[in-house]
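Structural overview
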Amino acid sequence: MKEEEAKKRIEELRNRINYHNYRYYILADPEISDEKYDELYRELVSLEEQFPQLITPDSPTQKVGGEPLKEFKSVRHELPMLSLDNTYNFDEIREFDRRIKELLGVNEDIEYTVEPKIDGVAVRVVYEKGVLKLGATRGNGIVGDDITENIKTIKRLPLKLLDATIDIDVRGEVFMDRNTFLELNEIREESGEKPFANPRNAAAGSLKLLDPKEVAKRNLDLFIHSVSRQIFPDISTHFDTLKRLRKLGLPVIENNALATGINEVIDAINSWDKLREEQRYMTDGMVIKVNRLDFHDKLGNTAKAPRWAIAYKFKAKQARTELKDVIFQVGRTGIVTPVAILKPVFLAGSTISRTTLHNMDEIKRLGIKIGDTVVVEKGGDVIPKIVGYESSYRKGNEKEILPPKICPVCESKLVKLPDEVAIRCININCPAQIKRRIEHFAERNAMDIRGLGEELISKLVDTGFVKDIASIYTLKPEELMSIERMGKKSSENLIAAIEKSKDRDYFRVLYALGIRYVGINTAKILAKKYRNIDELAEAKSDDLASIEGVGPKIAESITDFFNTARNRDLIEKLKNFGVRMESEKMESGPKPLKGLKIVVTGSLKNYSRQEIKDLIESMGGHSTESVSKATDYVIVGENPGSKYEKALKLNIKTISEEEFEKLIGKN
Ligand code: IVH
């Protein structure tokens, strides 16, 4: 191909990819299959390889992360990045409303927008002529860090807007979603690194990395929530500004509501308090903003914050209880983790009787002792945690928490590597490690073997019926029935569930094997690249390391795994039992749900949550988490949650499990 011709084709591919990114990331409504998209993308990569002089910084291929930096440059913000005034109670919200009316000299109800306050890191993003030019942290509000290269790795943030004439300076919040956070921490704990305390710290820590390729792996996300200066002459409200930003292809904050008068604001806050734990992102409050932009101008700013907005912050829910003991638990990879045993205490919807303390450093940081009255907090967080203790309640007989010297399960000597915070049991035959490996194998995201839980696995290993992962496939009903509390019916059900697991998707099997650092996302990437396990087993470390989202550390762990005879043996055995070890052929079979967006709520009779999601996707549909106007169907099971109410409110078609099966031609 001649350069002229390549240039034209490259241009065309970039436009198409940008458009499909918008459909996929912003509208959550893709028009083409992943395979078709990959094809376009690969063609662009290959043309850019042939004609490197044609690569431009706004090409969609430039999202994988550039070269590492020595340090961040400073950026002076043209307009200061302000903060928000905070309140924790509704009286102050009412006071805010009164003040606004007084300053504006109006009597009628004010229209407000009520938005989630994203618990992340404030950033500024600048586009010139539709092209992303700058990403910066807030810093002290006047001067921040230039983190353009890091921000570019955020998949939902376009390098180019859908309108190439726009100059715009927007503000938003970078965050890490709950699942990514949990997975990142799991991997950090596996490698003896300190886990992040919460998704916000994880996002902040990730943005500070100097190597954009490392940032790309952190899977950060972003919500744009404002413009630093109004630039749309035809728009008169904040709400419509956000709408316009979305049309430009930006990842604009979701779940913003309009409210007229302060009572509606308070209603909106209350209804969000119930929904917020279902979201993939963390919120620490709500932001209430006057909707009319001419009012913004009239109200102006104080030195610190705009007068037209206020943040209502949720109080972290806390409880006090006794720390009865600290036990040490051995994980799948031998890491020994301290776990706090608490006098059961009820907090924000559930009873808490134990919680992880992560590592000895954390215990030292908290300064807690056994017998202390500790403060447990649940801040819309995934996991409750101990945040401190009451020093005035100390009697003097509290017991220091000492690190163990021998494995609490197999009694072999524990080791601590010099640059790790973790303590490890390095006996791979330690029964605790075997149990954890099997628990991991059977868990929901992995082989999803219902009925094979922690307690039963423990008994099966202790009785010797199960010695390793493979041996669960040779379990006999008589063996199961000899276990306390296992009847005929539950034993048969379990055998059936084990049998069913053989047909799980290949990427789930890869994840289930428990290869160090290979979380569910990495497993998906690997399964796409290497269509069967033999190809993966033979992959060279360098090739693995060059895959986007993998890198050298994971690559080495994968090759180590396959170089270990015991693991190869396990895979052979699993293959012989008929466990799926290759990707299914794509694009075969009917797609009755093509393009439909479907939400599931409540528990179903015939499917686990994961099974129904997989089924929807395999039939061409999109399984999404939250109900919106764009949702086509809500499948309603037993005890449906708030998604059901939302569906009714928005007039979205609700169907039963049976009706769903009819839809896909089952029955
Ligand atoms: S509007 C002039 N909207 O909260 C400041 N801020 O505590 C306008 N934040 O630094 C901010 N979610 O980064 C706004 N929906 C939202 C937000 C939000 C999170 C952050 C923001 C700001 C901080 C202030």
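Preceding this section is the structure that the text describes.
About the thresholds
- Residues numbered from 1 in each chain as written.
- Predicted model: local features only at pLDDT ≥ 70, side-chain atom pairs only at ≥ 80, totals over all residues.
- Heavy atoms only, no water.
- Helix = DSSP H or I, 4+ residues; strand = E, 2+ residues; numbered from the N terminus.
- Contact = heavy atoms within 4.5 Å.
- Pairing = 2+ DSSP bridges.
- Axes fitted to C-alpha atoms, helices over the stretch in contact; angles between N-to-C directions.
- Polar contact = N/O pair within 3.5 Å; in protein donor to acceptor, adjacent residues only side chain to side chain.
- Buried < 20%, exposed > 50% of the residue type's maximum accessible area, 1.4 Å probe, protein only.
- Right-handed = clockwise from strand over helix to strand, strands pointing away.
- Near = heavy atom within 4 Å.
- Areas by Shrake-Rupley, 256 points an atom, 1.4 Å probe, with all protein chains shown as cover.
- Nonpolar A, V, L, I, M, F, W, Y, C, P; charged D, E, K, R; others polar.
- Salt bridge = Lys/Arg side-chain N within 4 Å of Asp/Glu carboxyl O.

Notes on the environment of leucine 207
On the secondary structure map, leucine 207 appears in helix 6 (residues 199–207). Along the sequence, leucine 207 and glutamate 149 sit 58 residues apart, while their C-alpha atoms lie 9.8 Å from each other. In contact with leucine 207, other than residues within four places in its own chain, are Phe72, Val121, Val123, Ile147, Asn150, Val174 and Leu220.

Considerations on the sheet that holds strand 11 (residues 309–313)
Strands sit in the order 2-11-10-3-9 across an open sheet of five strands; the sheet is mixed. Each having just a single partner strand, strand 2 (86–87) and strand 9 (257–260) make up the two edges of the open sheet. Relative to strand 9, strand 3 (residues 111–118) runs antiparallel, the two being bridged by four bridges. Looking at the pairing, glutamate 111 lines up with threonine 260 of strand 9. The strands touched by helix 3 (residues 90–104) are strand 2, strand 3, strand 10 (283–290) and strand 11; relative to strand 11, the strand with the most contacts, the crossing angle is about 175 degrees.

What about the side chain of asparagine 150?
Relative to the helices and strands, asparagine 150 resides in helix 4 (residues 148–151). Among the polar contacts listed, one links the side chain of asparagine 150 to the backbone oxygen of leucine 207, at a separation of 2.8 Å. Those residues in contact with asparagine 150, other than ones at most four positions away along the chain, are Phe72, Ser206, Leu207, Leu209, Pro212 and Val215.

Observations regarding unusual backbone geometry
Peptide bonds are, in most cases, trans, and in most cases residues other than glycine have a negative phi. Here the phi dihedral of asparagine 219 falls at roughly 55 degrees; this positive angle occurs in a residue that is not glycine. Looking at where asparagine 219 falls in the secondary structure, it is placed in the loop between helix 7 (212–217) and strand 8 (221–227). Positive phi is not limited to glycine here, since tyrosine 517 has a value of about 70 degrees. Examined against the element boundaries, tyrosine 517 turns out to sit in the loop between helix 16 (506–512) and helix 17 (520–529). Taking the relative accessible area as the measure of exposure, tyrosine 517 reaches 10% and is therefore buried.

Focus: the sheet that holds strand 22 (residues 653–655)
Read across the sheet, four strands follow the order 20-19-21-22 without closing on themselves; strand pairing throughout is parallel. In this open sheet, the two edge strands, each paired with only one partner strand, are strand 20 (622–623) and strand 22. Relative to strand 20, strand 19 (residues 597–601) is paired through two bridges, and the arrangement is parallel. Following the sheet pairing, lysine 597 is matched in strand 20 by histidine 622. Across the sheet, helix 23 (residues 642–650) touches strand 19, strand 21 (633–636) and strand 22, and the angle it forms with strand 19 is around 135 degrees.

Here we look at the pairing of strand 14 (residues 350–356)
Where strand 13 (residues 335–347) and strand 14 come together, six bridges link them in antiparallel fashion. Its bridge partner being in strand 14, valine 345 is matched across the sheet by isoleucine 352.

Brief notes about the pairing of strand 21
Side chains of strand 21 alternate between two faces, with Tyr633 and Ile635 and Val634 and Val636 buried alike. In terms of strand pairing, strand 19 meets strand 21 through four bridges, oriented parallel. Across the sheet, threonine 601 pairs through a bridge with valine 636, a residue of strand 21. Read from strand 21 through helix 23 to strand 22, the crossover connection turns out right-handed.

Some words on the site of the ligand
With respect to spatial proximity, 13 residues lie near the ligand, and among them Glu115, Pro116, Ile118, Glu173 and Lys289 are the closest. At a separation of 3.1 Å, an oxygen atom of the ligand approaches a polar side-chain atom of lysine 117. Interatomic distance of 2.4 Å between a side-chain N/O atom of glutamate 173 and an oxygen atom of the ligand. Protein coverage of the free-state accessible area of the ligand, which is 530 Å², stands at 88%. Among the elements of the structure, strand 3 and strand 10 are those that each provide at least two residues to the shell around the ligand. Here the shell around the ligand takes four residues from strand 3, the largest share from any one element. Grouping the amino acids of the shell around the ligand by side-chain chemistry returns eight nonpolar, one polar and four charged.

Observations regarding the pattern of salt bridges
The tally for this structure, following the rule as stated, stands at 50 salt bridges. The partner of arginine 424 in a salt bridge is glutamate 420, and the shortest N-O contact between them spans 3.1 Å. Across the pair, glutamate 420 and arginine 424 agree in class, each one buried. Glutamate 455 is the salt-bridge partner of arginine 485, the closest N and O atoms lying 2.8 Å from each other. Remark: glutamate 455 occurs in helix 13 (residues 454–463) and arginine 485 occurs in the loop between helix 14 (477–481) and helix 15 (488–501); sequence separation between them is 30 residues. Note on glutamate 455: relative accessible area 48%, which makes it partly exposed. Connected through shared salt-bridge partners, Arg9, Glu12, Arg16 and Glu43 make up one network.

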